[in-house]
Amino acid sequence: MSVSKDERDDWLTVCFKYLLFVFNFLFWVGGAAVLAVGVWTLVEKSDYLSLLASGTFAASACILVVAGSLVVVTGFLGCCAVIREQRSWLSLYFFCLLLIFLIELVAGVLAYVYYQKVSEELKQHLNLTMTENYAQPGKEDITLAVDRLQQDFKCCGSNNSGDWAASRFVTSGQAAGRVVPDSCCKTITPMCGRRNHPSNIYRVEGGCISKLEQFLADHLLVIGAVGIGVACLQICGMVFTSCLYRRIKMEPY
């Protein structure tokens, strides 16, 4: 029995509707991942951002937060567009997908570009930031960031514990006899930084540059992969939306 053209068209329209519903679910899941990565980067590791010379790392994470938030709204809009089957709703949905696609693509590209130069930036600026600003008036955020960095990554100094000998913290007398900050100690006690023996401080474990570099590199790869991955997923959504748009007859809005 032959199938009429109208029946075939109706069947294809239903297929595109279901495909768009499935995409919308995956889109929500991807958006949740984007939002989670952005928020976790900014909240959980925000202390380290003050140690970086540029704001590219933070900007990439912020862009992901914005994109992930837009996904929540756009996902709801997508469901309404499919249910109502109106070209105006589908056009608006397509525009939102395109906007989020571009935002996430920018985040991915920023993360990739910064990934290429993070090592150079840390080598040029981290030692200066730590030795010039630690425990100085008005630099409390940097002091806290350095203390957390040394404790979290079990390191002492930017390259090694000897870097602290030329720091303003030690040379100005603020150290009160300490040769390294107390946060270099394996077990922190008041004034424990006076003794720089390997049994007391993280002296043989290495400096903080290499460990922070690896941390940033890993997170930039995640940011870039999530941003570009979800952006590519949205291409499918834009294709399904365009197909459904063409199959829906013009109706008064």
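Residues numbered from 1 in each chain as written. Predicted model: local features only at pLDDT ≥ 70, side-chain atom pairs only at ≥ 80, totals over all residues. Heavy atoms only, no water.

So, the overall build of the protein chain
The secondary structure content of the protein chain amounts to 6 helices and 0 strands. Start at the N end of the protein chain and walk to the C end: the helices and strands fall as α-α-α-α-α-α. Each of the three principal axes of the protein chain carries a C-alpha extent, and together these read 95 × 35 × 30 Å. Looking at the protein chain residue by residue over its 253 residues, the buried ones come to 43%. Of all intrachain contacts in the protein chain linking residues separated by at least 6 positions in sequence, the fraction that spans at least 24 positions is 72%. Approximately 12800 Å² of the protein chain is accessible, and the part contributed by carbon and sulfur atoms is 65%. Counting 21 positive and 21 negative side-chain charges, the protein chain places the averaged centre of each group 1 Å from the other. (Helix = DSSP H or I, 4+ residues; strand = E, 2+ residues; numbered from the N terminus. Buried < 20%, exposed > 50% of the residue type's maximum accessible area, 1.4 Å probe, protein only. Contact = heavy atoms within 4.5 Å. Areas by Shrake-Rupley, 256 points an atom, 1.4 Å probe, with all protein chains shown as cover. Lys, Arg positive; Asp, Glu negative; His and termini not counted. Charge placed at Lys NZ, Arg CZ, Asp CG, Glu CD.)

Focus: the side chain of Asn133
Within the fold, Asn133 resides in helix α3 (residues 87-133). For Asn133, a relative accessible area of 17% puts it in the buried group.

A few points about the packing of aromatic side chains
The tally for this structure, following the rule as stated, stands at 3 aromatic pairs. Between Tyr134 and Trp164, the aromatic rings sit 5.1 Å apart at their centres with planes inclined by 70 degrees, giving edge-to-face as the arrangement. With Tyr134 in the loop between α3 and α4 (140-152) and Trp164 in the loop between α4 and α5 (168-171), this pair connects stretches of sequence that are 30 residues apart. On the basis of relative accessibility, which here comes to 6%, the residue Tyr134 falls in the buried class. Among the residues examined, Trp164 registers a relative accessible area of 1% and is labelled buried. Where Tyr134 meets Phe169, the ring centres are 5.1 Å apart and the plane angle is 85 degrees; that geometry is what we call edge-to-face. Here the residue Tyr134 occupies a position in the loop between α3 and α4, and Phe169 occupies one in helix α5, the gap between them amounting to 35 residues. (Phe/Tyr/Trp six-rings, centres within 6.5 Å; stacked < 30°, edge-to-face > 60°.)

Description of α3
Compared with the 69 Å implied by 1.5 Å per residue over 47 residues, the 58 Å span of α3 between its first and last C-alpha is markedly short. At Lys117, α3 is deflected by roughly 50 degrees, the largest bend along its length. Downstream of α3 by one or two residues, Ala135 has phi in the positive range, about 65 degrees. (Expected span 1.5 Å × (residues − 1). Bend = angle between axes of the 7 residues up to and from the residue.)

Here we look at the state of the cysteines
With the rule as written, the count across this model stands at 3 disulfides. In this model Cys155 forms its disulfide with Cys208; the gap between the sulfur atoms is 2.0 Å. Because the torsion about its S-S bond is 100 degrees, the bridge between Cys155 and Cys208 counts as right-handed. Taken together, the positions of Cys155 in the loop between α4 and α5 and Cys208 in helix α6 (residues 208-247) put the pair 53 residues apart, joining distant regions of the chain. (Disulfide = S-S within 2.5 Å.)

Description of the nonpolar core
By size, the foremost hydrophobic cluster in this structure holds 61 residues, and its most contacted members are Phe57, Tyr93, Leu122, Trp164, Leu212 and Leu216. Going through the elements one at a time, α1 (5-44), α2 (56-84), α3, α4 and α6 are the ones with two or more residues in this core. Among residues more than four places away in sequence, those in contact with Phe57 are Thr41, Leu49, Leu52, Tyr114, Leu216, His219, Leu220 and Ile223. (Core = buried A, V, L, I, M, F, W, Y, C linked by side-chain atoms within 4.5 Å.)

Some details on the UniProt feature "transmembrane region" (unreviewed entry) in the protein chain
The sites that UniProt annotates as "transmembrane region" (unreviewed entry) are residues 21-43, 55-83, 90-115 and 220-245. Segment residues 21-43 splits into 100% helix and 0% strand. End C-alpha atoms: 33 Å apart. Taken end to end, residues 90-115 is 100% helix and 0% strand, and its first and last C-alpha atoms sit 37 Å apart. (UniProt positions renumbered as here; feature names shortened; annotations may be inferred.)

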